[in-house]
Amino acid sequence: MIIDIDLEKCTSCGDCDPVCPADIIHMEEKAGRLVPVLKHVEHCVTCFNCEIFCPVQCIDVHPIVRRRPLPW
């Protein structure tokens, strides 16, 4: 389950939105900037796609998981 998105570190690239199979992450405009917003987090399937594809590693899916899948 997605634990945290560091909005200070987020570059608003939007890469996390289309790779989420459960449609939890949505890019929305807030304060004149696109930011990822979590909706229905309880439906997260812990696939790590958002964390893997984030170019600045601002998404933390599950902090106790030490071996995360690789994108290749």
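These lines cover the structure that appears in this document, whether it is placed above or below.

1. Topic: the nonpolar core
Here's step 1: Counting residues in hydrophobic clusters, the biggest one holds 15 residues, and the most contacted among them are Ile2, Cys16, Ile25, Cys50, Cys58 and Ile59.
Here's step 2: With near-sequence residues (within four places) excluded, cysteine 16 lies in contact with Ile25, Met27, Pro36, Cys50 and Ile59.

2. Description of the side chain of glutamate 51
Here's step 1: Counting through the fold element by element, glutamate 51 comes out in helix H2 (residues 49–53).
Here's step 2: In this structure glutamate 51 comes out as buried when scored by relative accessible area, which is 12%.

3. Concerning unusual backbone geometry
Across the chain, the bulk of peptide bonds are trans and the bulk of non-glycine residues have phi less than zero.
Here's step 1: Phi is positive for serine 12, close to 65°, though the residue is something other than glycine.
Here's step 2: Here serine 12 shows up in the loop between strand E1 (4–5) and helix H1 (16–19).
Here's step 3: We note that alanine 31 has phi near 55°; this positive angle belongs to a residue other than glycine.
Here's step 4: Among the secondary structure elements, alanine 31 is positioned in the loop between strand E2 (25–30) and strand E3 (33–38).
Here's step 5: Exposure remark for alanine 31: the relative accessible area of 87% places this residue in the exposed category.

4. Thoughts on the side chain of histidine 26
Here's step 1: Relative to the helices and strands, histidine 26 resides in strand E2.
Here's step 2: Here aspartate 23 takes part through its backbone oxygen, which lies 2.9 Å from a polar atom of the side chain of histidine 26.
Here's step 3: Those residues in contact with histidine 26 that lie beyond four places of it in its chain are Asp17, Val35, Pro36, Val37 and Lys39.

5. Quick look at the pairing of E3
Here's step 1: Judged from the six bridges that link them, E2 and E3 form a sheet pairing that is antiparallel. Counted as the bridge partner of isoleucine 25 is leucine 38 from E3.
Here's step 2: Here E2 folds back onto E3 in antiparallel fashion, the turn holding two residues, of which alanine 31 has a positive phi close to 55°.

Conventions adopted
Residues numbered from 1 in each chain as written. Predicted model: local features only at pLDDT ≥ 70, side-chain atom pairs only at ≥ 80, totals over all residues. Heavy atoms only, no water. Core = buried A, V, L, I, M, F, W, Y, C linked by side-chain atoms within 4.5 Å. Buried < 20%, exposed > 50% of the residue type's maximum accessible area, 1.4 Å probe, protein only. Contact = heavy atoms within 4.5 Å. Helix = DSSP H or I, 4+ residues; strand = E, 2+ residues; numbered from the N terminus. Polar contact = N/O pair within 3.5 Å; in protein donor to acceptor, adjacent residues only side chain to side chain. Pairing = 2+ DSSP bridges.

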